[in-house]
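Now for the letters of each chain:
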Amino acid sequence: MRQLGQILTDRGSRYAVSGCPVADRAAVDAALSELKADRKYARATHNSWAVHLSEGGPIKGDDGESGAGMVIIRMLDRAGLHDHLIVVTRWYGGKHLGGDRFRHVQTCVRAYLEAL
């Protein structure tokens with residue numbers, strides 16, 4: 001699992017992005033378990049993720065951050081990236097961010113895609 005670490009901070013909330021190639025749902029689950037084995041990521045408020053599998057289509061997990069997985073899927077589709085899991089992690093800072101949270105997810109995914 002490639003971890004880019006903290007990408008941005010807004011009103012106390014911190015965002016990080018991670019990802020890795022995956023072949024199927026079992027590999028997705030294994031990668032998420034590996035990420036959450038790191039205590040820092042296990043204690044995060046949200047680990048939103050998405051992947052567009054060649055065999056099986058798009059799957060996502062919002063982890064309580066409603067709509068974040070769909071944002072990641074759209075960006076994966078635009079980039080034409082298949083069989084690659086991207087996880088955006090948020091540590092909640094105490095203040096609601098409203099629609100800004102979706103821009104922050106996009107910023108994290110964009111940073112990950114640029115680093116590939």
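Scroll up a little and you will see the structure.
Residues numbered from 1 in each chain as written. Predicted model: local features only at pLDDT ≥ 70, side-chain atom pairs only at ≥ 80, totals over all residues. Heavy atoms only, no water.

Caption draft 1: Representation of the pattern of salt bridges. What the rule picks out here adds up to seven salt bridges. Notably, a salt bridge pairs Arg11 with Asp10, separated by 3.0 Å at the nearest N-O pair. Residue Asp10 is classed as buried on the basis of its relative accessible area of 15%. A salt bridge links Arg103 to Asp100; the shortest N-O distance between them is 2.0 Å. Of the two residues, Arg103 and Asp100 both sit in helix H4 (residues 100-115), three residues apart, roughly one turn of that helix. One network of salt bridges, with partners in common, ties together Asp10, Arg11, Asp100 and Arg103. (Salt bridge = Lys/Arg side-chain N within 4 Å of Asp/Glu carboxyl O. Buried < 20%, exposed > 50% of the residue type's maximum accessible area, 1.4 Å probe, protein only. Helix = DSSP H or I, 4+ residues; strand = E, 2+ residues; numbered from the N terminus.)

Caption draft 2: View of helix H3 (residues 68-79). The terminal C-alpha atoms of H3 lie 17 Å apart, and with 12 residues this matches the ideal 16 Å at 1.5 Å per residue to within 8%. Turning to H3, its buried residues are Ala68, Gly69, Val71, Ile72, Ile73, Met75 and Leu76. Turning to H3, the residues buried within the fold contact strand S3 (46-53), strand S4 (57-61), strand S5 (84-91) and H4. At the exit of H3 stands Gly80, carrying a positive phi of roughly 70°. (Expected span 1.5 Å × (residues − 1). Contact = heavy atoms within 4.5 Å.)

Caption draft 3: Spotlight on the nonpolar core. Counting 18 residues, the largest nonpolar core has Ile72, Ile86, Val88, Val105 and Val109 as the members making the most contacts within it. Elements with a minimum of two residues in this core: strand S2 (13-21), H3, S5 and H4. Sorting elements by how many residues they give to this core places H3 first, with six residues. Once you skip the residues sitting within four places of it in the chain, Ile72 turns out to touch Ser48, Trp49, Ala50, Ile86, Val88, Val105 and Val109. (Core = buried A, V, L, I, M, F, W, Y, C linked by side-chain atoms within 4.5 Å.)

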